[in-house]
Amino acid sequence: MKKIFACLFLLAAVSGFAQQSAPHAQQATNAIQSIRKAHPRLLLLKGEEQILVNQIKKHAEWANVHAQLLGECDKLMDLPPVERIKIGRRLLDKSRECLRRVFMLSYAYRTTKDDKYLKRAEKELLAVAAFEDWNPTHFLDVAEMTMAVAIGYDWLFDQLSAESRKIIKDAILKKGIEPSLDSKYNYFVTAEHNWNQVCNAGISFGALAIAEDEPALANQIIERAVESIPRAMIKSYKPDGAYPEGFSYWGYGTSFNVLLISAMQKALGTDFGLSQSPGFLKTAGFLENLIGPTGMAHNWGDSGLREGLNPTLFWFAEKNKNPSLLWSQKKLLAGTSDEFLRNRIIPALLVWGVKTDLDAIKPPTQKVWVGQGPSPVAMMRTSWTDQNAIFVGFKAGSPAVNHAHMDVGSFVLDALGERWAMDFGMQDYNSLEAKGVDLWNAAQNSQRWQVFRLNNFAHSTLIFNSQLQNAKGYAQIDTWSDQGDQLAAISDLSQVYENQVKSVKRGISIIQEKFVLVRDEIATLEKPVTMRWNLLTAATARIIDEKTVELSQNGKKMFLIFDTKAKINIQTWSTEPPHDYDEPNPNTQFIGFETTIPANSEASFNAYFSTSTDAPATKPLADWPGKLK
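Residues numbered from 1 in each chain as written. Predicted model: local features only at pLDDT ≥ 70, side-chain atom pairs only at ≥ 80, totals over all residues. Heavy atoms only, no water.

## Some thoughts on the overall build of the protein
Stage number 1. Summing up its helical and strand segments, the protein has 16 helices and 18 strands in all.
Stage number 2. What you see for the protein is a C-alpha radius of gyration of 26 Å, in line with the 25 Å of a compact globule of 629 residues.
Stage number 3. Buried positions account for 61% of the 629 residues belonging to the protein.
Stage number 4. By element, 51% of the accessible surface of the protein is carried by carbon and sulfur atoms, the whole surface being about 24900 Å².
Stage number 5. Here the protein contributes 68 positively and 69 negatively charged side chains, and the mean placements of these two sets differ by 2 Å. (Helix = DSSP H or I, 4+ residues; strand = E, 2+ residues; numbered from the N terminus. Rg over C-alpha atoms; globule rule 2.2 N^0.38 Å. Buried < 20%, exposed > 50% of the residue type's maximum accessible area, 1.4 Å probe, protein only. Areas by Shrake-Rupley, 256 points an atom, 1.4 Å probe, with all protein chains shown as cover. Lys, Arg positive; Asp, Glu negative; His and termini not counted. Charge placed at Lys NZ, Arg CZ, Asp CG, Glu CD.)

Structural data, given as structure tokens:
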């Protein structure tokens, strides 16, 4: 009876959550009744390729992307199709390469009508259709492969032979859609993170591609997606668009979310209100503000570091009628790198972006961006146009979030064209899984938090008595300021250090556009604590005296000046990790101090980053300018 009650309670809770989580989504009854009959119907309708080709001619940057894309397709001509070779438990790299190839080759054929691209795409499609399966035990693999095959099937439909169409359609059905209905594999429908977005998008592409032959099934899949994906969208974007999983996973989950919305809008004439989900249209501002003047991201959590051309930002810029969202993208378009050709959805850049007037893209005016949600973050800068500008990214949140680290209170800092405070970012998952690491268990005592890059010992934050942060703790951005002489953000980190100290508050500020201040205010419990103030940096550190450190890199210098009444011991620590499964961290070090704070006492610590040894006077956090968030 208890089990029955528990199941009923869970069902009611899930149902209630679904109803609460999609205030703007419409019910998708008879979802495919308005589907376009002709192919292509996904993303770029029949005949629209000529409009695209005409637009390409208006800007040299678009013509360059188009030409390089065709050149990459030419390089694919003699390469063998992808093979079903797994890495660990994943086939994902093969699914992604198939998507990259098929999307580009299909684009190349539609814009040139050159049969060589059609034949090479067909070869790729038939090869993966012959796989025994698309690895449903790791369903992202199935989702991306289904999207790849669906785009090829739909975009090349009229030119494929009847035999090829049948083989490809059956693969979409049997190896893509049907496994998504199996409860052994479809955990994604209740997930609140990128799996939901990616898997619903991939399978929906498959359903829309073959809808005329499987109308009831296609309708079922689209209705399921419209009901399911708000779980992830509400969790991921409400209220400000701050994506909980960080920079790289924004590029993953959000891009597939936009692909789904764009495909629905083209094929069905509606996105069922999904694009109006709270915070969703604001999220491009989050990503834009994550990039510092060095071109490096604030790469907290499982994240990469470098920005690339991002088709999804062009979709958001058009949707928001805000070209300034593309300020950094404009510079990348003008560059000479061909790295963008590794982006498996790069044809979408031209589909969504080619109508953009690049001359209309001006720098943003907002210098502080704050978002809440599961992973609150504040980003501030002194300029959008000066590559030597000061940039600070300040991370709050919780280690319990998907792909999160114990990095609450950490920060990155750019100035003088260099990154002075950094984050390691992610370690390759397979390198850990292959050693048997229990990577996906986020419990307090999990082996996950022994991985060096994931715990608070490896981040620019605080450590008390050599203890881990509280895995279930949470911190928001409590107040912030965008005043010209003091950009600032403050977070109460006390939950994250529960039972270690009584309270912890950290504020970070850019003062007079030339000083960066990190201020910590600590109150202890009944026992004294040893606190380590930690900075991760690639700079060379030279301890000058009992309060000053000189940081240097690439011929530039920055001073780190500590100001406190407490007795501190400035030190450096090695970043060499303790386990054989940890990735090495060459050319980096920790610099900071240790101090003992007496029981039942309060202490404050100021750390200034400056190009001189001067440090302005500061006030308690309670007296900082700011507004509630």
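On we go.
## Some points on the sheet that holds strand S1 (residues 368–371)
Strand pairing in a sheet takes place through backbone hydrogen bonds and is either antiparallel or parallel in direction.
Stage number 1. If you trace the five strands from one edge of the open sheet to the other, you get S1-S2-S3-S4-S5, paired in antiparallel fashion. Where the open sheet ends on each side, the last strands, each with one partner, are S1 and strand S5 (418–421). Looking at each pair of strands side by side, their axes are set apart by 10° on average, direction ignored.
Stage number 2. Pairing between strand S2 (residues 377–381) and strand S3 (residues 391–395): five bridges, direction antiparallel. The residue bridging Arg-381 from the neighbouring strand is Phe-391, located in S3.
Stage number 3. On top of the sheet, helix H12 (residues 283–290) reaches S1, S2 and S3; it is set at about 55° to S2, its chief contact. (Pairing = 2+ DSSP bridges. Axes fitted to C-alpha atoms, helices over the stretch in contact; angles between N-to-C directions. Contact = heavy atoms within 4.5 Å.)

## Topic: unusual backbone geometry
Stage number 1. Between His-39 and the following residue, Pro-40, the backbone shows a cis peptide bond with an omega angle of -5°.
Stage number 2. Mapped onto the elements of the fold, Pro-40 is located in the loop between helix H1 (2–21) and helix H2 (48–56).
Stage number 3. Along the chain, Lys-238 connects to Pro-239 via a cis peptide bond; the corresponding omega equals 5°.
Stage number 4. Phi at Asn-499 is positive, roughly 70°, even though this residue is not glycine.
Stage number 5. Of note, Asn-499 is situated in the loop between strand S8 (486–492) and strand S9 (503–511).
Stage number 6. Phi at Glu-513 is positive, roughly 60°, even though this residue is not glycine.
Stage number 7. Position of Glu-513 among the secondary structure elements: in the loop between S9 and strand S10 (515–523).
Stage number 8. Taking relative accessible area as the criterion, Glu-513 reaches 43% and is therefore assigned partly exposed.

## Examining the pattern of salt bridges
Stage number 1. Applying the stated criterion across every chain, the model contains 33 salt bridges.
Stage number 2. Two residues, Glu-144 and Arg-344, come together in a salt bridge whose shortest N-O distance is 2.7 Å. Taken together, the positions of Glu-144 in helix H6 (residues 139–155) and Arg-344 in the loop between helix H14 (327–333) and helix H15 (347–353) put the pair 200 residues apart, joining distant regions of the chain.
Stage number 3. One connected set of salt bridges, linked through shared partners, spans Glu-72, Glu-97, Arg-100, Arg-101, Arg-120, Glu-124 and Arg-342. (Salt bridge = Lys/Arg side-chain N within 4 Å of Asp/Glu carboxyl O.)

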